[in-house]
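Coordinate inspection notes
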Amino acid sequence: MRLSLKPLAPCTVGNGGGGAEFSFPRYITAGAGTQPATFSRRLMEKKGSYNWEGLLKEVEGEGMHFRGNSRLVNLGKRWKEYQGIRNWDGLLDPLDDKLRGEILRYGDFVDATYKAFDFDSSSPTYASCLFPKTAILDGAGFPQTGYMPTKNLRATSGIQLPRWIEKASSWMGTESSWIGYVAVCQNKEEIARLGRRDVVIAYRGTATCLEWLENLRATLTPLPPAAALSDSMVERGFLSLYTSRTSTSPSLQDLVREEVDRLLQSYGDEPLSLTITGHSLGAALAILTAYDIKTTFSRAPLVTVVSFGGPRVGNRSFRCQLEKQGIKVLRIVNSDDLITKVPGFVIDGNDVEEDHDVRVSGLPSWIRKRVVDTQWLYADVGRELRLRSRDSSYLSSINVAKCHDLRTYLKLVDGFVSSKCPFRPMIKKVITSYGARKVG
């Protein structure tokens, strides 16, 4: 029997005394009632201490994985706020339900890149897309997004391989591989809901041997053409994957520029947004892509990056260039994910652009100088939504791979409430504590 689920209005827990209230979108079976459940002081008093267990089951959803109904809500004239025009002020803590829905929606686009990628190194189609271009989202299990894929994207490694590697397995020798796609919102109802036509560029994380090797090229290198005008530098391996080409494979940069130019000519006269999203390596490439688009196309619309589990990408000067170009970056970070803490060292959060005495937190002065000289000094970019695996009771284990997994990120976003109540099941403590006071 197939369980039919449908979304209801958010479930709200308040303290009844003017304090913060937390809103939780939830799902119930189609055969159940259709009224939203609201938990307030009055309701708690009416229910009495004898029914706390029932209330807790309703809040926790008996261990179900939630997906908010906020994606069905019209963004309307506020769409630029949710794309970061005001740097998501007031939307992150507590996490706004509409923003939660948009983050999860873009996470699905990234999830599709993994499901559409051929991971079988023994297959003749290894490192390619499993589905025809226009069927990527359908084939990956996301048939009703309202978006149509318009371009396949491939990344090429700049690492020079020895000749003998050609006789090795395809996993080791694959220079160019499918890494994502461009998709355009074509559904009129979805365009109306979003308040504009949205273009998505989605990237997967590391999959091939050469991509792993590129990740290890972690020193900073000048970023052209900005290098001639500033001290902007980015991670060498990420830049290589974005700009490298061969006689038979154009660079990822070439493919992106070609498609963006075409789309701007087609839709540039209407409300338009470019949203670039990715996980892990894909998150780093998303930031490089956003910068490249804004510096290449003078008529580029609002460009937003939504990244999941991304490593550091560039230095402080590069961060300043991103901000100068008006690029909005929302980084979804799991505190238990080691990948978000590499590569290199990061400058103190209290530094300012004019401060030339760059300090690296927790390191002696001689090590700081060495870090700067060896080009290992990075800077985090954009706004951050910080989550923690250990706050979720739905994650059975916490290890390096699990904490970095995209599915973990989506579960954490789905359940996050605020820094004071990090995850939905933690509301159990609020209700239990209140019940204990009533009994006492």
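Things to note about helix α11 (residues 281–296)
With 16 residues, α11 extends 22 Å between its outermost C-alpha atoms, agreeing within 8% with the 22 Å of an ideal straight helix rising 1.5 Å per residue. Taking burial as the measure, the 16 residues of α11 include 14 buried ones, the bulk of the element.

Side note on the environment of Leu285
Its location among the elements puts Leu285 in helix α11. On the basis of relative accessibility, which here comes to 0%, the residue Leu285 falls in the buried class. Among residues more than four places away in sequence, those in contact with Leu285 are Ile179, Tyr203, Phe238, Leu241, Tyr242 and Leu252.

Some points on the nonpolar core
If you look at soluble globular proteins, the nonpolar side chains tend to sit buried side by side. The biggest cluster of nonpolar side chains holds 49 residues, and the ones touching the most others in it are Leu99, Ile103, Tyr147, Tyr181, Phe308 and Ile332. The element contributing the most residues to this core is helix α4 (residues 97–115), with 8 residues. Excluding its chain neighbours within four sequence positions, the residues that come into contact with Tyr181 are Phe109, Ala112, Thr113, Ile136, Leu137, Lys151, Leu153, Val200, Ile201 and Ala202. In this structure, Val234, Tyr242, Leu263 and Phe318 belong to the second largest nonpolar core, which totals 43 residues.

As for unusual backbone geometry
In this structure, Pro94 follows Asp93 across a cis peptide bond, with omega equal to 5°. Following the sequence through the fold, Pro94 ends up in the loop between α3 (79–82) and α4. For Asn87, which is not glycine, the phi dihedral falls at a positive 60°. On the secondary structure map, Asn87 appears in the loop between α3 and α4.

Considerations on the packing of helix α9 (residues 236–243) against helix α10 (residues 252–267)
Across the interface, α9 lies against α10 with an axial gap of 5 Å and an inter-helix angle of 55°. Here α10 runs oblique to α9, going by the angle between their axes. Along the contact surface, α9 presents Leu241, Tyr242 and Thr243, while α10 presents Leu252, Gln253 and Val256. Tallied by class, the residues present in the contact of α9 with α10 amount to 4 nonpolar, 2 polar and no charged.

Let's talk about the packing of α10 against α11
For the pair α10 and α11, the least separation of the axes is 11 Å and the interaxial angle reads 50°. What the angle tells us is that α10 and α11 run oblique. As α10 packs across α11, the resulting crossing turns out to be right-handed. On α11, the residues touching Leu252, Gln253, Val256, Arg257 and Val260 of α10 are Leu285, Thr289, Asp292, Ile293 and Thr296. Across the contact of α10 with α11, the residue classes break down as 5 nonpolar, 3 polar and 2 charged.

A word on the environment of Ala283
Within the secondary structure, Ala283 is located in helix α11. Residue Ala283 is classed as buried on the basis of its relative accessible area, which comes to 2%. Ignoring anything within four residues of it in the chain, the contact list for Ala283 reads Gly278, Ser307, Phe308 and Gly310.

Focus: the sheet that holds strand β6 (residues 147–156)
Spatial strand order, β6-β7-β8-β11-β12-β13-β16: 7 strands in an open sheet with mixed pairing. Of all the strands in the sheet, just β6 and β16 (383–387) have a single pairing partner and so form its edges. Strand-to-strand twist in this sheet, taken as the mean axis angle between neighbours without regard to direction, amounts to 15°. Bridging between strand β12 (residues 302–308) and strand β13 (residues 328–334) involves 5 bridges; their strand directions are parallel. Bridging across to β13, Phe308 finds its partner in Ile332. Where α4 meets the sheet, it contacts β6, β7 (176–185), β8 (197–203), β11 (272–279), β12, β13 and β16, and its direction lies at approximately 50° from that of β8. In the packing of α10 onto the sheet, the strands contacted are β6, β7, β8 and β11, and the crossing angle to β6 comes to about 155°.

Quick word on the pattern of salt bridges
Within this structure, the stated rule accounts for 24 salt bridges. Close ionic contact of Arg262 with Glu259 constitutes a salt bridge, the shortest N to O distance being 2.7 Å. Note that Arg262 and Glu259 are positioned in helix α10 at a spacing of 3 residues, about one turn of the helix. Among the residues examined, Arg262 registers a relative accessible area of 38% and is labelled partly exposed. A single salt-bridge network, built from bridges that share partners, covers Glu102, Arg105, Glu190 and Arg193.

A closer look at the environment of Asp111
Relative to the helices and strands, Asp111 resides in helix α4. C-alpha of Asp111 to C-alpha of Tyr203: the two residues are 92 residues apart in sequence and 9.1 Å apart in space. Ignoring anything within four residues of it in the chain, the contact list for Asp111 reads Phe142 and Leu406.

Observations concerning the confidence of the model for the chain
Averaged over every residue, the pLDDT of the chain is 79; the share at 70 or more is 69%. Predicted confidence is poor over residues 349–359, with pLDDT under 50, and the contacts of this stretch with residues over four places away or in other chains come to 12 contacts. In the model, residues 427–440 has pLDDT below 50 throughout and makes 19 contacts with residues more than four positions away in sequence or in other chains.

Things to note about the pairing of β6
Of all the 10 residues making up β6, 7 are buried; the element is thus mostly covered by neighbouring parts of the structure. In the sheet, β6 pairs with β7 via 9 bridges, with the strands oriented antiparallel. Bridge pairing in β7 places Asn152 opposite Tyr181.

Considerations on α9
In terms of burial, α9 is a largely internal element, 6 of the 8 residues being buried. For α9, the set of buried residues is Gly237, Phe238, Leu239, Ser240, Leu241 and Tyr242.

Some remarks on the packing of aromatic side chains
Across all of its chains, the model carries 4 aromatic pairs by this definition. On the numbers, 6.2 Å between centres and 40° between planes, the contact of Tyr106 with Phe109 is tilted. Taken together, the positions of Tyr106 and Phe109, both in helix α4 and 3 residues apart, correspond to about one turn of that helix. Using a relative accessible area of 2% as the deciding quantity, one classes Tyr106 as buried. What makes Phe109 buried here is its relative accessible area of 2%. Pairwise contacts between aromatic rings join Tyr106, Phe109 and Tyr147 into one cluster.

What counts and what doesn't
Residues numbered from 1 in each chain as written. Predicted model: local features only at pLDDT ≥ 70, side-chain atom pairs only at ≥ 80, totals over all residues. Heavy atoms only, no water. Helix = DSSP H or I, 4+ residues; strand = E, 2+ residues; numbered from the N terminus. Expected span 1.5 Å × (residues − 1). Buried < 20%, exposed > 50% of the residue type's maximum accessible area, 1.4 Å probe, protein only. Contact = heavy atoms within 4.5 Å. Core = buried A, V, L, I, M, F, W, Y, C linked by side-chain atoms within 4.5 Å. Axes fitted to C-alpha atoms, helices over the stretch in contact; angles between N-to-C directions. Parallel < 35°, antiparallel > 145°, perpendicular 65-115°, else oblique. Nonpolar A, V, L, I, M, F, W, Y, C, P; charged D, E, K, R; others polar. Left-handed = near helix turned anticlockwise from the far one by under 90°. Pairing = 2+ DSSP bridges. Salt bridge = Lys/Arg side-chain N within 4 Å of Asp/Glu carboxyl O. pLDDT = per-residue confidence, 0-100. Phe/Tyr/Trp six-rings, centres within 6.5 Å; stacked < 30°, edge-to-face > 60°.

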